[in-house]
Amino acid sequence: MFTKSRLLAFAALLAAVAVLAGCGSKQKPPGATAPAGGGGATGANSTFTYDTYTQVMVGWDPSTSYSNEIIAMHNMYQTLTYYNSQTKRLEPVLATKWSHSADGKTWTFQLRKGVKFHTGRTMTSADVKASIMRTIKLNQGAAYIWGAVKSIDTPSSYTVVFHLKYPAPLGLISSAGYAAYVFDTKAAGPESKLTAWFNAGHDAGTGPYTVQQWSKGAETELRLKQFTGYWGGWNGTHYTRVVYQVVPTASTAAQLLTSGQVSWVEQLTPQLYKSMQGKPGITTTSAPSYQNLFAMLNTQSGPLANVKVRQALSYATDYHGMMAALQGSFVASHGIIPSGLWGYDASLDSSRTNAAKAKQLLASAGYGPGKKAINLTLTYTEGDSAEQTVAALMKSEYAPLNINLTVQALQWPTQWAKAKSTNAASRQDILLFYWWPDYADPYSWFTNLFEAQNPPVYNLAYYDNSTVNSEIGKVEEVSATSQTQAAAMYQQIERQLIADVPALFLGTQVYQRAYRSSVGGYVDNPAYPNVVFVYNLTPR
């Protein structure tokens, strides 16, 4: 998707990664060791049913995957390392230890032995190299994370050496939620046939589960089954099957959870979440995320091409009223970078509400009460209760300003296709849209959402500011030597974005989860948004 090189916060971050990871952490990876006890789970508890509100498998190719399929992919595929958001440490998965040269430009990974692909082949260093080189070659999705890689050597069957063009914390990059999967590139025979093979609903990972059945468009969209050859073993008590069920209506999802027909619900309305608290057989949790909600504004055509109109919307939006309506499921944003990641600046004022200022700006652009009306179309993802609430509030808040907002609920693939259309007339004016980092680092938001793209992929505001483009390019290099200086640059870019208003920074999600109390061991990890690592759970 992108050709930008990837320079990360190396000077401070590389040292931190080396210390935290121990360059060969002895921490147990997700699913490395099964809990003690007798064989796999049996009976009703042997199936974990994940309830989601939208299509699961938007893409199937592990090299290019970059959407909602993350929730299933991390149960089929694995990465060299894993980022534990609770300990802020890297843990080994397919790599058992790793080290880097003093200049940070050479990284060596020692691989776990005895790992089997779902195709039956044994993983070697050649497979790791082939996986990553294919991802780099296809250059889609989050492939830019490997931008520092110059070459990869395989001096032995279980040793992989990365030679970089510039310093980068490859241990952290190897834990990414996207584009870091290791897979069998020989699964379909000739590599030229691999993309079509994946897209037919096949997987070639090393994870604990493999595809049993895919029914595109069905309510029960995806079934995974236990991969008996999984390197972590199946001693102890585990779920042996995983089902992904698509239920767009939150009230129906709540009913299914209460009746025990699903194990875990990705999203409930705040009201339904509260109703689940204290209910027999149900457990609820609340945890901060790295996932924030944007209203991407069409800066290229229509009324929102006028910066004064965009600024008026930013002042007309009642951000704190939205947070109150969302009842604890979101907190207000301060710029783009969420709290918990380096670069976050609580002093940034992106949640500004001033109705008088909004009217003044609209009037100067020839719009507003008593003047010409503005007609806008907003799209949001069908089944997303938070987006539905936000859309309804925006509609009511803008109406007194003579802004008529037409709201459309679309399935995400339809919404995304509309937003990416090369025909500007087919696009929406406002797109409600989530973003989260590819790994625990700020850069993902800036290069993906606000750096110019032609054709548009994720910059769905169609924003193109030469100064911002230049600064986004520079911040990569600066972050390789000074994280503090890079953070200041990010904050300056954010100030420009707040002034230009290519998007409204609506809020950062708080994960409010509800699941059956029979599910043991669940922990949210915001670095892998909405992923349930099912093998780690203990059915009880």
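Everything quoted here is computed from the prediction, not taken from an experiment.

## With respect to the overall build of the protein
A tally of helices and strands in the protein yields 15 helices and 19 strands. For 540 residues, the compact-globule formula gives about 24 Å, and the C-alpha radius of gyration of the protein, at 23 Å, lands near that figure. When its C-alpha atoms are laid out on the principal axes, the protein stretches across 75 × 55 × 40 Å. Among the 540 residues that make up the protein, the fraction classed as buried is 59%. Total accessible area computed for the protein in this model is approximately 19,000 Å², and 50% of it derives from carbon and sulfur atoms. Considering the protein, the positive charge centre built from 41 side chains and the negative charge centre built from 31 side chains are found 3 Å apart.

## What to know about the pairing of strand β4 (residues 95-100)
Pairing of β4 with strand β5 (residues 106-111) involves five bridges; the strand directions are antiparallel. Residue pairing for β5: S99 is matched across the bridge by T108. Between β4 and β5, which pair antiparallel in sequence order, lie five residues; one of them, G104, sits at a positive phi of approximately 70°.

## Considering the nonpolar core
Counting residues in hydrophobic clusters, the biggest one holds 156 residues, and the most contacted among them are F48, W146, F162, F294, M394, I430 and F450. No other element matches the seven residues that helix α15 (residues 483-500) contributes to this core. In this structure, F162 is in contact with K105, T106, W107, F109, I132, W146, V149, S151, I152 and L170, ignoring residues within four places of it in sequence. L256, L257, L268 and A514 belong to the second largest nonpolar core, which has 11 residues in total.

## Some thoughts on α15
Helix length check: α15, at 18 residues, gives a terminal C-alpha distance of 25 Å against a target of 26 Å (1.5 Å per residue), a fit within 8%. Taken together, the buried positions of α15 are A486, A487, M489, Y490, Q491, I493, E494, L497, I498 and D500. Positive backbone phi, approximately 50°, marks V501, located one or two places after α15.

## Thoughts on helix α13 (residues 443-450)
Burial within α13 is extensive, with eight of its eight residues counted as buried. Within α13, burial applies to Y443, S444, W445, F446, T447, N448, L449 and F450.

## Structural notes on the environment of V478
Topologically, V478 is positioned in helix α14 (residues 466-479). Judged by relative accessible area, V478 falls into the buried class, the value being 15%. Measuring from C-alpha to C-alpha, the distance between V478 and M489 comes to 8.8 Å, with 11 residues separating the pair along the chain. Among residues more than four places away in sequence, those in contact with V478 are Q485, A486 and M489.

## Some points on the pattern of salt bridges
One side chain can pair with another of opposite charge once the charged atoms of both are near each other. This structure, assessed with the given rule, holds seven salt bridges. D127 serves as the salt-bridge partner of R121, at 3.1 Å between the closest nitrogen and oxygen. Linking R513 and D524 is a salt bridge whose minimum nitrogen-to-oxygen distance equals 3.1 Å. Taken as a pair, R513 in strand β17 (residues 503-516) and D524 in the loop between β18 (519-520) and β19 (538-539) lie far apart in primary sequence, 11 residues in all. D524 shares its class with R513; the two are buried. Taken together, the shared-partner salt bridges connect D61, R134 and E191 into one network.

## Observations regarding the sheet that holds strand β7 (residues 159-164)
Read across the open sheet, the four strands follow the order β4-β5-β7-β6; overall the sheet is antiparallel. Both outer strands of the open sheet, β4 and β6 (149-156), are each paired with one neighbouring strand and no more. Geometrically, the sheet is characterised by an average inter-axis angle of 20° between neighbouring strands, direction not taken into account. Here β6 pairs with β7 via five bridges, running antiparallel. Residue I152 lies in a different strand from β7, and its bridge partner there is F162. Running at roughly 165° to β6, helix α3 (residues 125-138) makes contact with β5, β6 and β7 of the sheet.

## Thoughts on the packing of α13 against α15
α15 packs onto α13 with a crossing angle of 35° between their chain directions and a minimal axis gap of 11 Å. With respect to the hand of their crossing, α13 and α15 are arranged in left-handed fashion. Between α13 and α15, the residues in contact are Y443, F446 and F450 and Y490, I493, E494 and L497, respectively. Class assignment of the residues belonging to the contact of α13 with α15 gives a composition of six nonpolar, no polar and one charged.

## Brief notes about the packing of aromatic side chains
Evaluated as defined, the whole model comprises 38 aromatic pairs. Each ring, one from Y82 and one from Y528, has its centre 5.3 Å from the other, and the planes form 5°; the classification is stacked. Placement of Y82 in strand β2 (residues 81-84) and of Y528 in the loop between β18 and β19 is noted, with a sequence separation of 446 residues between them. Residue Y82 shares its accessibility class with Y528, and that shared class is buried. Taken together, the aromatic side chains of Y66, Y178, W412, W416, F433, W435 and Y458 make up a single cluster linked through ring pairs. Looking at R352, its charged tip hangs above the ring of Y315, at a distance of 4.5 Å from the centre. Lying across the ring of W416, K420 places its NZ or CZ 3.7 Å from the centre.

Quick notes on the rules
- Residues numbered from 1 in each chain as written.
- Predicted model: local features only at pLDDT ≥ 70, side-chain atom pairs only at ≥ 80, totals over all residues.
- Heavy atoms only, no water.
- Helix = DSSP H or I, 4+ residues; strand = E, 2+ residues; numbered from the N terminus.
- Rg over C-alpha atoms; globule rule 2.2 N^0.38 Å.
- Buried < 20%, exposed > 50% of the residue type's maximum accessible area, 1.4 Å probe, protein only.
- Areas by Shrake-Rupley, 256 points an atom, 1.4 Å probe, with all protein chains shown as cover.
- Lys, Arg positive; Asp, Glu negative; His and termini not counted.
- Charge placed at Lys NZ, Arg CZ, Asp CG, Glu CD.
- Pairing = 2+ DSSP bridges.
- Core = buried A, V, L, I, M, F, W, Y, C linked by side-chain atoms within 4.5 Å.
- Contact = heavy atoms within 4.5 Å.
- Expected span 1.5 Å × (residues − 1).
- Salt bridge = Lys/Arg side-chain N within 4 Å of Asp/Glu carboxyl O.
- Axes fitted to C-alpha atoms, helices over the stretch in contact; angles between N-to-C directions.
- Left-handed = near helix turned anticlockwise from the far one by under 90°.
- Nonpolar A, V, L, I, M, F, W, Y, C, P; charged D, E, K, R; others polar.
- Phe/Tyr/Trp six-rings, centres within 6.5 Å; stacked < 30°, edge-to-face > 60°.
- Lys NZ or Arg CZ within 6 Å of the ring centre and 35° of its normal.

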